[in-house]
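Breakdown of the fold
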Amino acid sequence: MNRRFLMGAALGAASSPLAAPALRAQTFDHTIRFVIPNAPGGTSDILARLMAPELTRSLGQNVVVENRPGAGGNIGGDFVAKSPPDGHTVLLLDVTTLATNPALFPRLSYKPSDLAPVSMVIYAPYILGVANNLPIRDAAGLVAHAKAHPNTLNAANSGTGTASHLTAVMLENAWATPITHVPYRGGAPALLAVSTGEASFTLAGATQSLPFATNGQMRAVAVTGANRFATLPQVPTFRELGWPGADAGTWQGALVSAGTPPVLINRLHAAMRDALAQPLIATRIAELGATPRTDGPDAFASWLTEQTEVYTRLIRERDIRAE
């Protein structure tokens, strides 16, 4: 069998109908959907709509945003996990949800391994905000008040088992004094509860909570993150205070169904990295109180594994169950 025959056979196989799906799997050839597992108006939704025009330009296909809220993000997650592994259906969410859901939902309809990490998108620190009707001026005052009045502080969170809730549990453990955890249907209602004095304090991502802290609706006493928050330079970090949960916050990331060809995952990551570097997009993200993150598939996967271990341990220790 000569070399010319082998080459001809290879070319013939590549052009045959059976080879077509394999070839198509290496390219984007129709509309790309960004699935948001939350209602419109949240951080993931804002980010997807902000990046969509630039991604449409760079990927050569129309990028649309589709909201599929419900079941703590599981409806959208399940939809993407079971979509064709061709990179055309992308899940964009606060990825801490993926780190907590396996422990919170024992009968989850999909496994986190059914999804392949593509790219981190942004990080926004949590702001620990205290109600103005409490005689608390700083972090030390919050801890002292909690110890002097056990179980009288109500910590509003964005839902049972969310990072907002679990970070408050970490603080409760560190302070060695009980507090009452009150779940709300999202970060916005929890912030409103603190601003009216209905709740004592809350932990919420800067993308939502910064206006409450800067316009006097609550008193910011601490922030998460590696460094002080530029907009609130007088507020200490969890790290400075020696508190756990220093890296908690809003971590937004993108994933596709497992089995998607690496070449498409890498193209998506590159397109998202380039979009986040565009001046108008970067400026808008900064206005939201966030920082672009362009960690690729491998770094993202490692982060997700580490976070899952931390939150799973805490959920099981405290016997936390999804409502």
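Residues numbered from 1 in each chain as written. Predicted model: local features only at pLDDT ≥ 70, side-chain atom pairs only at ≥ 80, totals over all residues. Heavy atoms only, no water.

On to the environment of valine 143, then. Checked against the element boundaries, valine 143 lands in helix H6 (residues 139-148). Sequence separation between valine 143 and tryptophan 175 is 32 residues; the distance between their C-alpha atoms is 6.7 Å. For valine 143, the contacting residues outside a window of four places in its chain are Trp175 and Trp243. (Helix = DSSP H or I, 4+ residues; strand = E, 2+ residues; numbered from the N terminus. Contact = heavy atoms within 4.5 Å.)

Let us look at the environment of valine 182. Following the sequence through the fold, valine 182 ends up in strand S6 (residues 180-183). In this structure valine 182 comes out as partly exposed when scored by relative accessible area, which is 23%. The spacing of valine 182 and serine 209 is 27 residues in sequence and 17 Å in space, taken between C-alpha atoms. In this structure, valine 182 is in contact with Asn154, Ala155, Ala156 and Asn157, ignoring residues within four places of it in sequence. (Buried < 20%, exposed > 50% of the residue type's maximum accessible area, 1.4 Å probe, protein only.)

It is worth spelling out the layout of surface pockets at this point. Here the largest pocket is characterised by a volume of approximately 1,300 Å³. Contributing to the lining of the largest pocket are 45 residues, with Asn38, Ser158, Thr162, Gly186 and Gly187 lying nearest its centre. Where the lining of the largest pocket is concerned, the elements lending two or more residues are helix H3 (43-59), strand S3 (89-94), helix H5 (96-104), helix H7 (163-175), helix H8 (187-195), strand S7 (201-205), helix H9 (206-214) and strand S9 (249-257). No other element matches H5, which puts five residues into the lining of the largest pocket. Taken together, the residues that form the lining of the largest pocket break down as 17 nonpolar, 24 polar and four charged. There is about 330 Å³ of room inside the second largest pocket. Every residue lining the second largest pocket is counted, 18 residues in all, and those nearest its centre are Tyr123, Pro125, Ala226, Asn227 and Thr291. Residues that form the lining of the second largest pocket fall into these classes: eight nonpolar, six polar and four charged. (1 Å grid on protein atoms, 1.4 Å probe; cavity = no way out; pocket = protein on both sides within 12 Å on 5 of 7 lines; lining within 4 Å. Points joined across faces, edges and corners; volume = space filled by probe spheres on them. Nonpolar A, V, L, I, M, F, W, Y, C, P; charged D, E, K, R; others polar.)

What is shown is where atoms sit, not what they do.
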